[in-house]
Amino acid sequence: MSKQDVNEMIQNIRGLVQFHQELGVDGYPKTTGLVNFLRRDTKKTGSPENNAGHLSSDAKKRTAKKEILIDVHDDVQKCRSCNLHENMIYKACGQGPENAKLFIVGEWPSMEGNEAPDPFKGDEGELLTRMLGAIDMKQGDVFITSIVKCCAGDSTPDQAAIRSCLPFLFRQIETVSPKVIFSLGLLAAQALLNSKESLLRLRGRFHTFKSLSGTNIPLMPSFHPSFLLKNPDMKKGSWDDLRMIQKMCRK
Ligand code: SF4
């Protein structure tokens, strides 16, 4: 039973007890069945007080994570560290659950029409949604961001901009602490792995990303959706990568 289920069960029991009190019930007969049920419940889940403490510490951790991610977002908005800022059209810090198992890293944000900027927009975003659907995930289940947070048009960011921006990404990874990182595109793979290898050499297997606190996180480099849209033959390789990610997320 998950912590959320336990929390819900406790709330339901409280509601039931309140309802019984309104009906005038002021106690319950202590039958053998009730005694056995309470003993079993305590063995399995601990006392309600302990559960409440455990749940609130979990909620506190999630709140702390959310606050750090907001700090990163605010720092990105204020940042003037690289030349991309001068021609910047917009900034996109990334988004997703603070405790996401899967952390997706694209290259730089793009924007279509009046929609909010995002690392994967339009056809790329739709393809990413289908890729995630193939492994029973939705975009809302994963944290999605990019190695560079400013978009200054269609030009590829230079290495100086990437180096300046990476600390924001590292703080996000440290905070979310995902089970798996999925990098999409050559620039993202090379930046995260500090490598100059081609994507064809890097993809198809897990590498190790060391977080700021020294935790080893499996990282799967793969093709960017924009590349897959132009090279549909490569979707088979992408599917193989996704299946490995699905297995790793379930461990
Ligand atoms: Fe700052 Fe990153 Fe934008 Fe450069 S790309 S100005 S480092 S937020």
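Here is what the cut-offs are and how they apply
- Residue positions within a chain follow its written sequence, with the count starting from 1.
- In keeping with the predicted nature of the model, local features appear solely for residues at pLDDT of at least 70, side-chain atom pairs appear and are counted solely at 80 or more, and the whole-chain, interface and lining totals rest on all residues.
- Here the side-chain values reflect all heavy atoms present in the structure, with hydrogen atoms and water set aside.
- The secondary structure listing takes helices from DSSP runs of H or I that are at least 4 residues long and strands from runs of E that are at least 2 residues long, numbered from the N terminus.
- Remark: exposure states derive from per-residue accessible area (1.4 Å probe, protein chains only) relative to the maximum for the residue type, with buried under 20%, exposed over 50%, and partly exposed in between.
- Multiplying 1.5 Å by the helix residue count minus one yields the expected span of that helix.
- Here, two residues are considered to be in contact whenever any of their heavy atoms come within 4.5 Å of each other.
- Interaxial angle, 0 to 180 degrees, is taken between N-to-C directions of lines fitted to C-alpha atoms, where a helix line uses only the stretch in contact.
- What sets the label is the angle itself: under 35 degrees gives roughly parallel, over 145 gives roughly antiparallel, 65 to 115 gives roughly perpendicular, and the rest give oblique.
- In this classification, the charged set is Asp, Glu, Lys and Arg, the nonpolar set is Ala, Val, Leu, Ile, Met, Phe, Trp, Tyr, Cys and Pro, and all remaining amino acids, among them Gly, are polar.
- Should DSSP find at least two bridges between two strands, the strands are taken to pair.
- Pairing of aromatic side chains requires ring centres within 6.5 Å, counting the rings of Phe and Tyr and the six-membered ring of Trp. Pairs whose planes differ by under 30 degrees are stacked, by over 60 edge-to-face, and all others tilted.
- Salt bridges are identified by distance alone: a Lys or Arg side-chain nitrogen within 4 Å of an Asp or Glu carboxyl oxygen.
- If a single non-hydrogen atom of a residue is within 4 Å of a molecule or strand, that residue counts as near it.

### Details of unusual backbone geometry
Then, in step 1: One non-glycine residue with positive phi stands out, namely Ser177, at about 50°.
Then, in step 2: As for its position among the elements, Ser177 is in the loop between helix H5 (159–176) and strand E5 (180–184).
Then, in step 3: Overall, the relative accessible area of 42% leaves Ser177 in the partly exposed class.
Then, in step 4: With a phi angle near 50°, Asn194 is a residue other than glycine that sits in the positive phi range.
Then, in step 5: Checked against the element boundaries, Asn194 lands in the loop between helix H6 (186–193) and helix H7 (199–202).

### Details of helix H9 (residues 235–250)
Then, in step 1: Here H9 spans 23 Å end to end across 16 residues, near enough to the 22 Å set by a 1.5 Å rise per residue.
Then, in step 2: Of all the positions in H9, only Gly237, Ser238, Asp241, Leu242, Ile245, Gln246, Met248 and Cys249 are classed as buried.
Then, in step 3: Those residues of H9 hidden inside the fold are in contact with strand E2 (102–106), helix H4 (122–133), E5, strand E7 (216–222) and helix H8 (225–230).

### Considerations on the packing of H5 against H6
Then, in step 1: The N-to-C vectors of H5 and H6 enclose an angle of 70°; their axes lie 11 Å apart at closest approach. When the interaxial angle is binned, H5 and H6 end up roughly perpendicular. Of the residues in H6, those touching H5 at Gln159, Ile162, Leu166, Leu169, Phe170 and Ile173 are Leu187, Ala191 and Leu192.
Then, in step 2: Taken together, the residues of the contact of H5 with H6 sort by class into eight nonpolar, one polar and no charged.

### Notes on the pairing of strand E3 (residues 143–146)
Then, in step 1: Along E3, one buried face is formed by Phe143 and Thr145 and the opposite face, lined by Ile144 and Ser146, is buried too.
Then, in step 2: Examined bridge by bridge, E2 and E3 share four bridges and lie parallel to one another. For Ile104, the partnering residue across the bridge sits in E3 and is Ile144.

### Remarks on the packing of aromatic side chains
Then, in step 1: Enumeration over the complete set of coordinates arrives at three aromatic pairs.
Then, in step 2: Taking the centre distance of 5.0 Å and the plane angle of 10° together, the rings of Phe103 and Phe143 count as stacked. Here Phe143 lies in strand E3 and Phe103 lies in strand E2, a separation of 40 residues in the sequence. Across this residue pair, the class does not change: Phe103 and Phe143 are buried.

### Points about the side chain of Ser195
Then, in step 1: By the element assignment, Ser195 lies in the loop between H6 and H7.
Then, in step 2: Taking the relative accessible area as the measure of exposure, Ser195 reaches 19% and is therefore buried.
Then, in step 3: Sequence-distant contacts of Ser195, defined by excluding residues within four places in its chain, comprise Gln190 and Leu202.

### Details of the pairing of E7
Then, in step 1: Most of E7 sits out of view: five of its seven residues are buried.
Then, in step 2: In this structure, E5 lies alongside E7, joined through four bridges in parallel fashion. Each residue of the ladder has a partner; that of Phe182, found in E7, is Met220.
Then, in step 3: Bridge analysis of strand E6 (residues 207–210) against E7 gives four bridges, and the strand direction is antiparallel. Among the inter-strand pairings, Thr208 is bridged to a residue of E7, identified as Pro218.
Then, in step 4: From the end of E6 to the start of E7, which pair antiparallel, there are five residues, and Gly214 there has a positive phi angle of about 90°.

### What to know about the pattern of salt bridges
Then, in step 1: Evaluated as defined, the whole model comprises nine salt bridges.
Then, in step 2: Residue Arg62 pairs with Glu98 through a salt bridge whose shortest N-O separation is 2.6 Å. Here Arg62 is found in helix H3 (residues 48–78), whereas its partner Glu98 is found in the loop between strand E1 (90–91) and E2, with 36 residues between them in sequence.
Then, in step 3: For Arg62, a relative accessible area of 34% gives the class partly exposed.
Then, in step 4: One connected set of salt bridges, linked through shared partners, spans Asp75, Lys78 and Arg171.

### Focus on the site of the ligand
Then, in step 1: Around the ligand, a shell composed of Cys79, Ser81, Cys82, Leu84, His85, Val148, Cys150, Ser164, Cys165 and Phe168 is seen.
Then, in step 2: The dominant element in the shell around the ligand, judged by the number of residues it contributes, is H5, at three residues.
Then, in step 3: Of the residues that constitute the shell around the ligand, the class distribution is seven nonpolar, three polar and no charged.

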